[in-house]
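The chain contents come next:
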Amino acid sequence: MTTPEATLDADVLVIGSGAGGAATAATLAAAGRDVTVVEEGPWIDPDALEPFSLEEMAAKYRHRGLAAALGNPAIAFAEGRCVGGSTEINSGLYHRLPAALAESWRHEYGIDDFSPETLDSYAQRIENELAVSRLPGAPPPSSALLERGATKLGWQAIEYPRVFRYDAAGRGVKQTMTRTLLPRAIEAGATVIPNCRVRRLLRRDGRVIGIRCHRTENGVAENLMIRAEHVFVCAGAIQTPALLQRSGIRGGVGSGLKVHPMIKIAARFPHPVDHGGVPMQVITEFGPNLSIGGSASRRGQVAMALADSSADYGDALDDWERVSVYYAAIRSEGRGRVMAVPGLRAPVVTYRLTEGDMSRLARGLVHLGEVLLASGATELYPSVADGPVVHNQHELAAWWDAVTRNRTNLMTVHLTSSVRMGEERSRTGADSFGRVWGFDNLRVSDASVVPDAPGVNPQGAIMAIAARNSDQFLAEG
Amino acid sequence: MCAVGPVTATVSEGLPVGFLAMLWLEREVVATLSPTLDDHQRSMIETYVDDSLRSMPEHLRVGVAAESILFGAWPRVQGALGRYDRRSMNARVERWKASRFDPVRQYVRLLHSLVLFAEHELTPAASR
């Protein structure tokens, strides 16, 4: 049942409640602005579902995690679709934007006030608010194994901090947006409307004057118009450009998508490995263009990773408690595109990897194999169809030729750069502070504006940039 | 607060996600990929795969459905002639898994991944 259209008014409307939207809402609400946040997905208690479980994927992931960028090879990707966005479903690993990249992007895209020092000051603020910290005790076995392998090889590895708060007993609780910045925004007067899909922005004379959206609450569907003085689109690197395009805004929007393609290995060890979380050790020896770390390794994910190799994996699957999944991720020099297509609700996403990317992925797979063998793994199943199962360092050489476009299974959870920011108008969709070209009251403040793939987990960079853009908005009055 | 004025021309939103239910071949492949499960467990997995396929972006779901119709044409003919049986589907799925044509391989990979994930998350005791 759909009721007639209702109308709401807001001073500042924030579309999306993930890392970018929550940081924006919290900053603006704390400054006394009247903020309304709309989120397409539901508000789900962060303790209600087991991390990385089937139930969580059904409830919190867009398309239940079944989205892919078309290309050769296709790249599967996952996005959050719930209040808190991807911060509710990610591993919680946190990293500041590398200073060298910030400096390079500042010049390449002509971004004002984008020095590493400026970004660090915002990062510090976010880290204080979210209690970014390192594990108080020893790392879990799945993480310690990476460290052990890296030490044996003489490679640099670090424990990534996480947005986790630890109690006296060392138990960690992930500080998702529904636990932190969104409650703070609400406390400061903001309103959050879940289950509300924005259909399009309403425009007039170079301004956005509101949105048309569709809200469902307790089985009742309602068309809603929200009028707003200022609109921040913070729906992520896929949904933000799609919404702008649906609203007829296309200049510099949707092209230039960047991802961190990941190739994986299911590694079998002679001893049981933990499966509850994601390892926090990351091998940075080859960074920022190649990083190596651990993935979610519940039983279902172990089964899928083993099957990706197309080897006979039955014995390893029976022994799944000794198997864990690890990845090598690259900064891709290829790029992709997000396109809102008339007649389709979901945007079409494409991505083209370069030959250099394929070579880096092969190198990443071999390095990942090296470190896992050094850490004591006895069997390695690569996410490459017909990629041979490897038992020792000598066999790794076979993987160089196995990683081909038609045989490699890739995925990503880091998507950025689909509405890049900067003063170089021909290469960007928004100015240095996320204001969409051609509109004085429409801003983008999420992964879309990050000018290129950061080579690290992007949520830290997204939140720092969102806080910076919000401060600029406040400074402009 | 500003007033609401005329709306600039926009792209229509189109079909809702969830418009294509599981097809015959998809059910057959799921059954082939989960041979050791009882009817109740298989039904749970089939429901999960069905929900997942319905949740896919429409353009991806249409692609998968087109493959299902194409690959399922000959087995359906065999069925009409009374010559179809599960074992022949098993051999067919094994061939598709090893196909050198990426779309064929990816078709089975998608369904296999869904079955494996559901099998090991929904029915861990059964798959031990």
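Residues numbered from 1 in each chain as written. Chains lettered and ligands numbered in written order. Predicted model: local features only at pLDDT ≥ 70, side-chain atom pairs only at ≥ 80, totals over all residues. Heavy atoms only, no water.

**As for the overall build of chain A**
Logical step 1: Across its full length, chain A holds 12 helices and 22 strands.
Logical step 2: Against the globule reference of 23 Å for 477 residues, chain A gives a C-alpha radius of gyration of 22 Å, in line with a compact fold.
Logical step 3: Summarising its shape, the C-alpha atoms of chain A cover approximately 65 × 50 × 50 Å along the three principal directions.
Logical step 4: Here chain A, with 477 residues, has 62% of them falling under the buried criterion. (Helix = DSSP H or I, 4+ residues; strand = E, 2+ residues; numbered from the N terminus. Rg over C-alpha atoms; globule rule 2.2 N^0.38 Å. Buried < 20%, exposed > 50% of the residue type's maximum accessible area, 1.4 Å probe, protein only.)

**Brief notes about the sheet that holds strand E12 (residues 255-259) of chain A**
Residue and element names in this part refer to chain A.
Logical step 1: Here 4 strands make up an open sheet; going across it, the order is E18-E17-E12-E21 and the pairing antiparallel. Both outer strands of the open sheet, strand E18 (348-352) and strand E21 (415-416), are each paired with one neighbouring strand and no more.
Logical step 2: Relative to E21, E12 runs antiparallel, the two being bridged by 2 bridges. When the sheet's bridge partners are listed, Val259 is paired in E21 with Leu415.
Logical step 3: Packing of helix H7 (residues 236-246) onto the sheet brings it into contact with E12, strand E17 (335-339), E18 and E21, and relative to E17 it is tilted by some 45°. (Pairing = 2+ DSSP bridges. Contact = heavy atoms within 4.5 Å. Axes fitted to C-alpha atoms, helices over the stretch in contact; angles between N-to-C directions.)

**A short note on the interface of chain B and chain A**
Logical step 1: On the chain A side, the residues contacting the 46 residues of chain B number 56 residues.
Logical step 2: Both faces combined, the contact of chain B with chain A buries some 4400 Å², and carbon together with sulfur accounts for 57% of it.
Logical step 3: At the surface where chain B touches chain A, the tally comes to 3 salt bridges.
Logical step 4: The tally of links between chain B and chain A comes to 11 residue pairs in polar contact (both at pLDDT 80 or more).
Logical step 5: Looking at the side of chain B that touches chain A, the elements that each hand over two or more residues are helix H2 (39-55), helix H3 (58-80) and helix H5 (102-122) of chain B. (Buried area = accessible area lost by both parts, 1.4 Å probe. Salt bridge = Lys/Arg side-chain N within 4 Å of Asp/Glu carboxyl O. Polar contact = N/O pair within 3.5 Å; in protein donor to acceptor, adjacent residues only side chain to side chain.)

**Some details on the pattern of salt bridges**
All names here are of chain A.
Logical step 1: Evaluation of the coordinates by the stated rule reveals 42 salt bridges over all chains.
Logical step 2: The salt bridge partner of Arg197 is Glu40, with a shortest N-O separation of 3.3 Å. Taken together, the residues span a long stretch of sequence, with Arg197 in strand E9 (residues 196-204) and Glu40 in the loop between strand E2 (35-38) and helix H2 (54-60) at a distance of 157 residues.
Logical step 3: Among the ionic pairs, Arg96 bridges to Glu127, the shortest N-O distance being 2.7 Å. One end of the pair, Arg96, is in the loop between strand E4 (75-77) and helix H3 (99-109); the other, Glu127, is in helix H4 (residues 116-130), and 31 residues separate them in sequence.

**Some remarks on a nonpolar patch on the surface**
Logical step 1: Taken together, the side chains of B:Trp74, B:Val77 and B:Leu81 define a hydrophobic patch exposed on the protein surface, amounting to about 320 Å² of accessible area.
Logical step 2: Structurally, B:Trp74 is set in helix H3. (Patch = residues over 30% accessible without salt bridge, like charges linked within 9 Å, V, L, I, M, F, W, Y side chains within 5 Å. Areas by Shrake-Rupley, 256 points an atom, 1.4 Å probe, with all protein chains shown as cover.)

**Describing the confidence of the model for chain B**
Residues shown with low pLDDT carry predicted positions that ought not to be read at fine detail.
All names here are of chain B.
Logical step 1: On average, chain B scores 82 in pLDDT, and the residues at 70 or more come to 81%.
Logical step 2: Every residue in residues 1-12 scores below 50 in pLDDT, and together they form 41 contacts with partners more than four places removed in sequence or on other chains.
Logical step 3: Here the complex is predicted with pTM 0.94, and the ipTM for its interfaces comes to 0.92. (pLDDT = per-residue confidence, 0-100.)

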